[in-house]
Amino acid sequence: MTEVDRCFTFAVDQAIARGVDFAVISGDSTDHALDVHAPAIEALARNIRRLADHCPVLMLQGTFSHEPMGTLNLFRLLGGKYPVHVADRLEQVALMPGGTWQASEGWRFERIPDGTRALFSCVPTVNKAIVAAAVGATEAAQAVGEQLTVLLHGFALMNAAARARGIATIGVSHGTVYGCMTEHGVPMAGFDHEFTAGSLFDAGATAFMLGHIHRHQAWEQAGRQIAYAGSIGRLHYGEQGDKGFLLWEIDPDTARFELVPTPAKRTIEISFDGMPDMEELLKCSRDAEVKDAFVRVRWTMPEEDRHEIDRKAIERIFDAAAEVKLEGRVIPVVRTRAAGISQQVSIAAKIQAWATATEAKAEPLLACLHALQERTPEEIASDVLAMSDVS
(Lines give C-alpha, C1' and ligand atoms only; values in the text may rest on other atoms or scores of the structure.)
Protein backbone atom coordinates (compact mmCIF):
# COMPACT_ATOMS: atom_id res chain seq x y z
CA MET A 1 0.00 0.00 0.00
CA THR A 2 2.79 2.45 0.89
CA GLU A 3 4.36 2.29 -2.58
CA VAL A 4 1.09 2.70 -4.47
CA ASP A 5 -0.24 5.46 -2.23
CA ARG A 6 2.98 7.47 -2.45
CA CYS A 7 3.11 7.19 -6.25
CA PHE A 8 -0.61 7.78 -6.81
CA THR A 9 -0.59 10.80 -4.50
CA PHE A 10 2.29 12.20 -6.56
CA ALA A 11 0.35 11.55 -9.79
CA VAL A 12 -2.76 13.34 -8.48
CA ASP A 13 -0.64 16.28 -7.32
CA GLN A 14 0.92 16.53 -10.79
CA ALA A 15 -2.44 16.21 -12.58
CA ILE A 16 -3.87 19.06 -10.52
CA ALA A 17 -0.75 21.22 -10.89
CA ARG A 18 -0.71 20.73 -14.66
CA GLY A 19 -4.41 21.51 -15.01
CA VAL A 20 -5.63 18.35 -16.73
CA ASP A 21 -9.15 18.49 -18.23
CA PHE A 22 -10.13 14.96 -17.22
CA ALA A 23 -8.58 11.87 -15.61
CA VAL A 24 -8.86 8.25 -16.75
CA ILE A 25 -8.03 5.21 -14.59
CA SER A 26 -7.97 2.24 -16.94
CA GLY A 27 -8.67 -0.55 -14.44
CA ASP A 28 -7.06 -2.28 -11.44
CA SER A 29 -7.31 0.60 -9.02
CA THR A 30 -6.65 -2.07 -6.40
CA ASP A 31 -4.18 -4.95 -6.62
CA HIS A 32 -6.52 -7.46 -4.97
CA ALA A 33 -9.97 -7.66 -3.42
CA LEU A 34 -10.17 -5.37 -0.38
CA ASP A 35 -12.63 -4.92 2.46
CA VAL A 36 -14.31 -1.53 2.58
CA HIS A 37 -12.67 -0.75 5.95
CA ALA A 38 -9.16 -1.46 4.61
CA PRO A 39 -6.74 1.52 4.90
CA ALA A 40 -5.92 1.12 1.19
CA ILE A 41 -9.55 1.83 0.24
CA GLU A 42 -9.57 4.99 2.36
CA ALA A 43 -6.30 6.18 0.81
CA LEU A 44 -7.56 5.49 -2.73
CA ALA A 45 -10.90 7.22 -2.08
CA ARG A 46 -9.11 10.27 -0.67
CA ASN A 47 -7.05 10.70 -3.84
CA ILE A 48 -9.98 10.02 -6.18
CA ARG A 49 -11.94 12.70 -4.31
CA ARG A 50 -9.04 15.14 -4.75
CA LEU A 51 -9.07 14.39 -8.48
CA ALA A 52 -12.86 14.80 -8.67
CA ASP A 53 -12.59 18.20 -7.01
CA HIS A 54 -10.33 19.24 -9.89
CA CYS A 55 -11.75 17.50 -13.00
CA PRO A 56 -14.16 14.79 -14.23
CA VAL A 57 -12.89 11.25 -13.55
CA LEU A 58 -13.56 8.05 -15.49
CA MET A 59 -12.79 4.72 -13.80
CA LEU A 60 -12.85 1.48 -15.83
CA GLN A 61 -13.61 -1.98 -14.41
CA GLY A 62 -10.39 -3.96 -14.21
CA THR A 63 -9.49 -7.61 -13.61
CA PHE A 64 -12.21 -9.27 -11.52
CA SER A 65 -9.73 -10.86 -9.11
CA HIS A 66 -8.39 -7.36 -8.36
CA GLU A 67 -11.70 -5.50 -8.51
CA PRO A 68 -14.67 -7.81 -7.89
CA MET A 69 -17.82 -6.53 -9.57
CA GLY A 70 -19.31 -3.70 -7.52
CA THR A 71 -16.03 -2.59 -5.96
CA LEU A 72 -15.96 0.66 -7.92
CA ASN A 73 -19.57 1.64 -7.12
CA LEU A 74 -18.32 3.33 -3.95
CA PHE A 75 -16.47 5.95 -5.98
CA ARG A 76 -19.65 7.12 -7.69
CA LEU A 77 -20.76 8.42 -4.28
CA LEU A 78 -17.72 10.54 -3.37
CA GLY A 79 -19.49 13.82 -4.15
CA GLY A 80 -16.61 15.85 -5.56
CA LYS A 81 -16.96 19.02 -7.60
CA TYR A 82 -17.07 16.86 -10.72
CA PRO A 83 -18.66 13.41 -11.09
CA VAL A 84 -16.81 10.08 -11.11
CA HIS A 85 -18.11 7.83 -13.88
CA VAL A 86 -17.57 4.09 -13.43
CA ALA A 87 -17.51 2.21 -16.75
CA ASP A 88 -18.34 -1.38 -15.80
CA ARG A 89 -20.09 -2.33 -19.07
CA LEU A 90 -19.52 -1.95 -22.79
CA GLU A 91 -20.55 1.61 -23.57
CA GLN A 92 -19.68 4.96 -25.02
CA VAL A 93 -19.49 7.95 -22.71
CA ALA A 94 -19.59 11.61 -23.68
CA LEU A 95 -17.83 14.30 -21.66
CA MET A 96 -20.33 17.17 -21.62
CA PRO A 97 -20.13 20.90 -20.86
CA GLY A 98 -19.69 21.56 -17.17
CA GLY A 99 -17.68 18.36 -16.75
CA THR A 100 -20.64 15.97 -16.58
CA TRP A 101 -20.77 12.50 -18.14
CA GLN A 102 -23.47 11.07 -20.42
CA ALA A 103 -23.41 7.32 -21.09
CA SER A 104 -24.99 5.54 -24.04
CA GLU A 105 -28.03 3.36 -23.33
CA GLY A 106 -26.57 0.51 -25.35
CA TRP A 107 -23.03 -0.39 -26.24
CA ARG A 108 -22.66 2.78 -28.36
CA PHE A 109 -24.50 5.99 -29.15
CA GLU A 110 -26.93 6.09 -32.03
CA ARG A 111 -26.13 9.79 -32.35
CA ILE A 112 -23.51 11.88 -30.65
CA PRO A 113 -25.00 14.09 -27.90
CA ASP A 114 -25.00 17.80 -28.63
CA GLY A 115 -22.25 19.63 -26.81
CA THR A 116 -19.94 16.60 -26.53
CA ARG A 117 -16.39 17.67 -25.69
CA ALA A 118 -14.79 14.22 -25.92
CA LEU A 119 -16.14 10.78 -26.81
CA PHE A 120 -14.95 7.69 -24.89
CA SER A 121 -15.42 4.10 -26.09
CA CYS A 122 -15.15 1.87 -23.02
CA VAL A 123 -14.31 -1.84 -23.05
CA PRO A 124 -13.92 -3.06 -19.45
CA THR A 125 -12.56 -6.49 -18.55
CA VAL A 126 -14.46 -9.21 -20.39
CA ASN A 127 -15.96 -11.98 -18.26
CA LYS A 128 -14.55 -15.02 -20.06
CA ALA A 129 -16.65 -17.33 -17.90
CA ILE A 130 -19.80 -15.97 -19.56
CA VAL A 131 -18.22 -16.44 -22.98
CA ALA A 132 -17.17 -19.98 -22.06
CA ALA A 133 -20.70 -20.81 -20.94
CA ALA A 134 -22.06 -19.56 -24.26
CA VAL A 135 -19.59 -21.07 -26.72
CA GLY A 136 -17.78 -23.78 -24.73
CA ALA A 137 -14.62 -23.58 -22.66
CA THR A 138 -12.31 -24.74 -25.44
CA GLU A 139 -13.56 -22.00 -27.79
CA ALA A 140 -13.84 -19.20 -25.23
CA ALA A 141 -10.36 -17.68 -25.65
CA GLN A 142 -10.62 -17.38 -29.42
CA ALA A 143 -14.26 -16.26 -29.24
CA VAL A 144 -13.42 -13.35 -26.92
CA GLY A 145 -10.82 -11.98 -29.32
CA GLU A 146 -13.07 -12.42 -32.35
CA GLN A 147 -16.07 -10.73 -30.75
CA LEU A 148 -14.00 -7.85 -29.41
CA THR A 149 -12.58 -7.27 -32.90
CA VAL A 150 -16.15 -6.97 -34.23
CA LEU A 151 -17.11 -4.70 -31.33
CA LEU A 152 -14.15 -2.37 -31.78
CA HIS A 153 -14.88 -2.06 -35.48
CA GLY A 154 -18.44 -1.14 -34.52
CA PHE A 155 -17.20 1.89 -32.57
CA ALA A 156 -15.52 3.27 -35.69
CA LEU A 157 -18.71 4.79 -37.16
CA MET A 158 -19.43 7.02 -34.14
CA ASN A 159 -15.75 7.89 -33.72
CA ALA A 160 -15.52 9.01 -37.35
CA ALA A 161 -18.64 11.13 -36.92
CA ALA A 162 -17.19 12.70 -33.77
CA ARG A 163 -13.87 13.50 -35.45
CA ALA A 164 -15.73 15.14 -38.34
CA ARG A 165 -17.30 17.47 -35.78
CA GLY A 166 -13.94 18.30 -34.21
CA ILE A 167 -14.43 16.09 -31.15
CA ALA A 168 -11.56 14.16 -29.57
CA THR A 169 -12.14 10.38 -29.58
CA ILE A 170 -10.65 8.13 -26.92
CA GLY A 171 -10.76 4.38 -26.33
CA VAL A 172 -10.34 2.96 -22.83
CA SER A 173 -9.87 -0.74 -22.18
CA HIS A 174 -8.34 -3.31 -19.87
CA GLY A 175 -6.68 -6.39 -21.33
CA THR A 176 -3.71 -7.86 -23.17
CA VAL A 177 -2.48 -6.83 -26.61
CA TYR A 178 -0.89 -9.65 -28.60
CA GLY A 179 2.88 -9.15 -28.66
CA CYS A 180 3.06 -6.68 -25.76
CA MET A 181 5.81 -7.05 -23.17
CA THR A 182 5.35 -7.77 -19.48
CA GLU A 183 7.21 -5.77 -16.84
CA HIS A 184 9.80 -8.57 -16.74
CA GLY A 185 10.46 -8.44 -20.49
CA VAL A 186 8.38 -11.48 -21.50
CA PRO A 187 6.39 -11.14 -24.76
CA MET A 188 2.69 -12.00 -24.55
CA ALA A 189 2.22 -14.13 -27.65
CA GLY A 190 -0.71 -16.51 -27.19
CA PHE A 191 -4.12 -17.11 -28.69
CA ASP A 192 -6.04 -16.16 -25.55
CA HIS A 193 -5.28 -12.42 -25.58
CA GLU A 194 -8.10 -9.98 -26.04
CA PHE A 195 -6.65 -7.52 -28.54
CA THR A 196 -4.28 -6.90 -31.39
CA ALA A 197 -2.90 -3.46 -32.17
CA GLY A 198 -4.77 -3.66 -35.48
CA SER A 199 -8.15 -4.29 -33.87
CA LEU A 200 -7.63 -1.39 -31.47
CA PHE A 201 -6.70 1.02 -34.27
CA ASP A 202 -9.76 -0.27 -36.15
CA ALA A 203 -11.99 1.34 -33.49
CA GLY A 204 -11.13 4.69 -35.04
CA ALA A 205 -10.20 6.42 -31.77
CA THR A 206 -7.38 8.96 -31.87
CA ALA A 207 -6.05 7.77 -28.50
CA PHE A 208 -6.48 4.35 -26.89
CA MET A 209 -5.68 4.18 -23.16
CA LEU A 210 -4.97 0.68 -21.88
CA GLY A 211 -4.62 -0.93 -18.49
CA HIS A 212 -3.59 -4.39 -17.24
CA ILE A 213 0.06 -4.76 -18.33
CA HIS A 214 2.47 -3.19 -15.81
CA ARG A 215 5.05 -2.00 -18.35
CA HIS A 216 4.66 1.24 -20.28
CA GLN A 217 4.64 0.69 -24.05
CA ALA A 218 2.91 2.18 -27.08
CA TRP A 219 1.96 1.72 -30.73
CA GLU A 220 1.54 4.54 -33.26
CA GLN A 221 -0.28 4.78 -36.59
CA ALA A 222 -0.64 7.99 -38.60
CA GLY A 223 -0.63 10.19 -35.52
CA ARG A 224 -2.98 7.97 -33.51
CA GLN A 225 -1.64 6.31 -30.37
CA ILE A 226 -2.29 3.18 -28.29
CA ALA A 227 -0.50 3.09 -24.95
CA TYR A 228 -0.23 1.26 -21.67
CA ALA A 229 0.63 3.60 -18.82
CA GLY A 230 2.00 0.63 -16.86
CA SER A 231 1.79 0.34 -13.08
CA ILE A 232 1.94 3.53 -11.05
CA GLY A 233 4.66 2.10 -8.78
CA ARG A 234 7.21 -0.70 -8.70
CA LEU A 235 5.45 -3.65 -7.09
CA HIS A 236 7.89 -6.51 -7.79
CA TYR A 237 11.62 -7.09 -8.08
CA GLY A 238 12.99 -7.28 -11.60
CA GLU A 239 10.44 -4.93 -13.19
CA GLN A 240 11.85 -3.16 -16.23
CA GLY A 241 11.27 0.39 -17.42
CA ASP A 242 10.16 3.61 -15.75
CA LYS A 243 7.02 3.81 -13.63
CA GLY A 244 4.62 6.69 -14.01
CA PHE A 245 1.40 7.97 -15.56
CA LEU A 246 0.62 9.31 -19.03
CA LEU A 247 -0.19 12.96 -19.64
CA TRP A 248 -2.10 13.10 -22.94
CA GLU A 249 -2.76 15.86 -25.44
CA ILE A 250 -5.53 14.83 -27.84
CA ASP A 251 -7.16 16.58 -30.74
CA PRO A 252 -9.51 15.06 -33.34
CA ASP A 253 -6.73 13.72 -35.58
CA THR A 254 -3.59 13.28 -33.48
CA ALA A 255 -2.59 12.22 -29.99
CA ARG A 256 0.58 12.77 -28.00
CA PHE A 257 1.56 11.71 -24.51
CA GLU A 258 4.30 12.18 -21.97
CA LEU A 259 5.29 9.56 -19.41
CA VAL A 260 5.55 11.42 -16.11
CA PRO A 261 7.74 9.32 -13.76
CA THR A 262 6.53 8.76 -10.21
CA PRO A 263 8.83 8.37 -7.17
CA ALA A 264 8.66 4.59 -7.43
CA LYS A 265 11.04 2.61 -5.26
CA ARG A 266 14.32 1.48 -6.80
CA THR A 267 15.06 -2.23 -6.81
CA ILE A 268 18.39 -4.02 -7.28
CA GLU A 269 18.49 -7.75 -7.95
CA ILE A 270 21.69 -9.84 -7.67
CA SER A 271 21.55 -13.51 -8.59
CA PHE A 272 24.11 -16.32 -8.36
CA ASP A 273 23.89 -19.72 -10.04
CA GLY A 274 25.69 -21.17 -7.02
CA MET A 275 26.75 -19.87 -3.61
CA PRO A 276 26.84 -16.06 -3.14
CA ASP A 277 30.23 -14.47 -3.84
CA MET A 278 30.97 -12.00 -1.04
CA GLU A 279 33.58 -10.12 -3.11
CA GLU A 280 31.09 -9.61 -5.92
CA LEU A 281 28.46 -8.45 -3.44
CA LEU A 282 30.92 -5.90 -2.05
CA LYS A 283 31.64 -4.69 -5.58
CA CYS A 284 27.90 -4.36 -6.31
CA SER A 285 27.38 -2.36 -3.13
CA ARG A 286 30.14 0.03 -4.21
CA ASP A 287 29.09 0.35 -7.86
CA ALA A 288 25.30 0.46 -7.50
CA GLU A 289 23.32 3.23 -5.87
CA VAL A 290 22.14 1.11 -2.95
CA LYS A 291 21.20 3.89 -0.54
CA ASP A 292 17.44 3.67 0.09
CA ALA A 293 17.11 0.99 -2.60
CA PHE A 294 15.34 -2.35 -2.19
CA VAL A 295 17.90 -5.12 -2.69
CA ARG A 296 17.24 -8.79 -3.35
CA VAL A 297 20.06 -11.36 -3.34
CA ARG A 298 19.30 -14.84 -4.68
CA TRP A 299 21.48 -17.94 -4.85
CA THR A 300 21.39 -21.69 -5.31
CA MET A 301 23.15 -24.10 -2.94
CA PRO A 302 23.39 -27.82 -2.19
CA GLU A 303 21.46 -28.97 0.85
CA GLU A 304 24.60 -29.88 2.76
CA ASP A 305 25.96 -26.30 2.37
CA ARG A 306 22.87 -24.46 3.55
CA HIS A 307 24.43 -23.57 6.91
CA GLU A 308 27.50 -21.94 5.33
CA ILE A 309 25.62 -18.81 4.24
CA ASP A 310 26.38 -15.82 6.46
CA ARG A 311 23.14 -13.88 6.09
CA LYS A 312 24.16 -11.24 8.62
CA ALA A 313 27.32 -10.49 6.64
CA ILE A 314 25.30 -9.97 3.44
CA GLU A 315 22.89 -7.67 5.26
CA ARG A 316 25.82 -5.64 6.61
CA ILE A 317 27.15 -5.15 3.07
CA PHE A 318 23.85 -3.49 2.09
CA ASP A 319 23.16 -1.72 5.38
CA ALA A 320 22.39 1.52 3.51
CA ALA A 321 19.52 -0.10 1.59
CA ALA A 322 15.89 0.40 2.54
CA GLU A 323 15.36 -3.37 2.52
CA VAL A 324 17.51 -6.45 1.94
CA LYS A 325 15.71 -9.62 0.90
CA LEU A 326 17.71 -12.85 0.89
CA GLU A 327 16.42 -15.85 -1.06
CA GLY A 328 18.41 -19.08 -1.14
CA ARG A 329 17.22 -21.99 -3.24
CA VAL A 330 18.24 -25.32 -1.72
CA ILE A 331 19.03 -28.23 -4.02
CA PRO A 332 17.95 -31.33 -2.09
CA VAL A 333 20.19 -34.36 -1.84
CA VAL A 334 19.04 -36.93 -4.38
CA ARG A 335 19.08 -40.41 -2.95
CA THR A 336 19.49 -43.18 -5.50
CA ARG A 337 17.10 -46.07 -5.20
CA ALA A 338 18.93 -49.39 -5.66
CA ALA A 339 17.02 -51.25 -8.34
CA GLY A 340 16.00 -54.75 -7.27
CA ILE A 341 17.11 -54.33 -3.66
CA SER A 342 13.71 -55.46 -2.37
CA GLN A 343 14.08 -58.70 -4.32
CA GLN A 344 17.27 -59.72 -2.52
CA VAL A 345 16.75 -62.38 0.15
CA SER A 346 19.66 -61.75 2.51
CA ILE A 347 20.77 -58.49 4.15
CA ALA A 348 24.28 -59.04 2.75
CA ALA A 349 22.87 -59.19 -0.77
CA LYS A 350 20.85 -56.01 -0.17
CA ILE A 351 23.99 -54.20 1.02
CA GLN A 352 25.88 -55.38 -2.06
CA ALA A 353 23.08 -54.13 -4.35
CA TRP A 354 23.01 -50.74 -2.62
CA ALA A 355 26.81 -50.40 -2.80
CA THR A 356 26.76 -51.17 -6.52
CA ALA A 357 24.04 -48.55 -7.18
CA THR A 358 25.80 -45.83 -5.15
CA GLU A 359 29.37 -46.78 -6.17
CA ALA A 360 30.29 -47.31 -2.52
CA LYS A 361 32.58 -49.97 -1.02
CA ALA A 362 30.57 -52.86 0.36
CA GLU A 363 33.38 -54.58 2.33
CA PRO A 364 33.37 -52.36 5.46
CA LEU A 365 29.62 -52.63 5.75
CA LEU A 366 29.68 -56.39 5.21
CA ALA A 367 32.36 -56.70 7.92
CA CYS A 368 30.14 -54.82 10.35
CA LEU A 369 27.19 -57.01 9.41
CA HIS A 370 29.30 -60.15 10.00
CA ALA A 371 30.35 -58.87 13.44
CA LEU A 372 26.73 -58.21 14.41
CA GLN A 373 25.72 -61.69 13.33
CA GLU A 374 28.62 -63.66 14.84
CA ARG A 375 29.61 -61.78 18.00
CA THR A 376 27.89 -60.61 21.18
CA PRO A 377 27.28 -56.90 21.87
CA GLU A 378 29.73 -57.08 24.79
CA GLU A 379 32.52 -58.40 22.54
CA ILE A 380 31.90 -55.68 19.94
CA ALA A 381 31.86 -52.98 22.63
CA SER A 382 35.08 -54.33 24.13
CA ASP A 383 36.84 -54.18 20.75
CA VAL A 384 35.62 -50.59 20.18
CA LEU A 385 36.93 -49.51 23.60
CA ALA A 386 40.24 -51.25 22.96
CA MET A 387 40.62 -49.38 19.66
CA SER A 388 39.90 -46.11 21.45
CA ASP A 389 42.61 -46.82 24.03
CA VAL A 390 45.15 -47.52 21.28
CA SER A 391 44.36 -44.26 19.49
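Here the structure is a predicted model, which means the values were calculated and not measured.

## A short note on the packing of helix H8 (residues 347–358) against helix H9 (residues 363–374)
Part 1 of the argument: For the pair H8 and H9, interaxial distance at closest approach is 10 Å and the crossing angle is 165°. Between H8 and H9, the angle falls in the class roughly antiparallel. Relative to H9, the crossing made by H8 is right-handed. Across from Ile347, Ala348, Ile351, Gln352 and Trp354 in H8, the residues of H9 making contact are Leu365, Leu366 and Leu369.
Part 2 of the argument: Classifying every residue of the contact of H8 with H9 by side-chain character gives 7 nonpolar, 1 polar and no charged.

## Description of the sheet that holds strand S14 (residues 294–302)
Part 1 of the argument: Spatial strand order, S13-S14-S15: 3 strands in an open sheet with parallel pairing. Each end of this open sheet is capped by a strand with a single partner; those strands are strand S13 (267–271) and strand S15 (323–331). On average, each strand axis in the sheet is inclined to that of its neighbour by 15°, with strand direction left out of account.
Part 2 of the argument: Relative to S15, S14 is paired through 9 bridges, and the arrangement is parallel. Bridge assignment links Arg298 to a residue of S15, and that residue is Glu327.

## A few points about the sheet that holds strand S10 (residues 224–228)
Where strands meet in a sheet, backbone hydrogen bonds hold them as pairs that are either parallel or antiparallel.
Part 1 of the argument: Pairing in this open sheet of 7 strands is mixed, and the strands run S5-S4-S6-S7-S8-S10-S9 from one edge to the other. Lying at the two open borders of the sheet, with one neighbouring strand each, are strand S5 (101–103) and strand S9 (217–221). Within the sheet, the average angular offset between the axes of one strand and its neighbour, ignoring direction, is 20°.

## A word on the packing of helix H1 (residues 2–17) against helix H2 (residues 39–52)
Part 1 of the argument: Between H1 and H2, the least distance of the axes is 10 Å, while the angle of their chain directions is 5°. The angle between H1 and H2 falls in the class roughly parallel. Together, Asp5, Phe8, Thr9, Val12, Asp13, Ala15 and Ile16 of H1 and Ala43, Leu44, Asn47, Ile48, Arg50 and Leu51 of H2 make up the contact between the two elements.
Part 2 of the argument: In terms of residue class, the contact of H1 with H2 is made up of 8 nonpolar, 2 polar and 3 charged.

## Side note on unusual backbone geometry
Part 1 of the argument: Of note in the backbone geometry, His212 takes a positive phi value of approximately 120° without being a glycine.
Part 2 of the argument: Here His212 shows up in the loop between strand S8 (207–211) and S9.
Part 3 of the argument: The backbone of Asp292 sits at a positive phi, close to 65°, despite the residue not being glycine.
Part 4 of the argument: Tracing the sequence through the fold places Asp292 in the loop between helix H6 (278–287) and S14.

## Description of the pattern of salt bridges
Part 1 of the argument: Summed over the entire model, instances satisfying the criterion amount to 17 salt bridges.
Part 2 of the argument: Between Arg50 and Asp13 there is a salt bridge, and its shortest N-O distance comes to 2.8 Å. Of this pair, Arg50 sits in helix H2 while Asp13 sits in helix H1, and the two are 37 residues apart along the sequence.
Part 3 of the argument: Exposure remark for Arg50: the relative accessible area of 27% places this residue in the partly exposed category.

Criteria and cut-off values
- Residues numbered from 1 in each chain as written.
- Predicted model: local features only at pLDDT ≥ 70, side-chain atom pairs only at ≥ 80, totals over all residues.
- Heavy atoms only, no water.
- Axes fitted to C-alpha atoms, helices over the stretch in contact; angles between N-to-C directions.
- Helix = DSSP H or I, 4+ residues; strand = E, 2+ residues; numbered from the N terminus.
- Parallel < 35°, antiparallel > 145°, perpendicular 65-115°, else oblique.
- Left-handed = near helix turned anticlockwise from the far one by under 90°.
- Contact = heavy atoms within 4.5 Å.
- Nonpolar A, V, L, I, M, F, W, Y, C, P; charged D, E, K, R; others polar.
- Pairing = 2+ DSSP bridges.
- Salt bridge = Lys/Arg side-chain N within 4 Å of Asp/Glu carboxyl O.
- Buried < 20%, exposed > 50% of the residue type's maximum accessible area, 1.4 Å probe, protein only.

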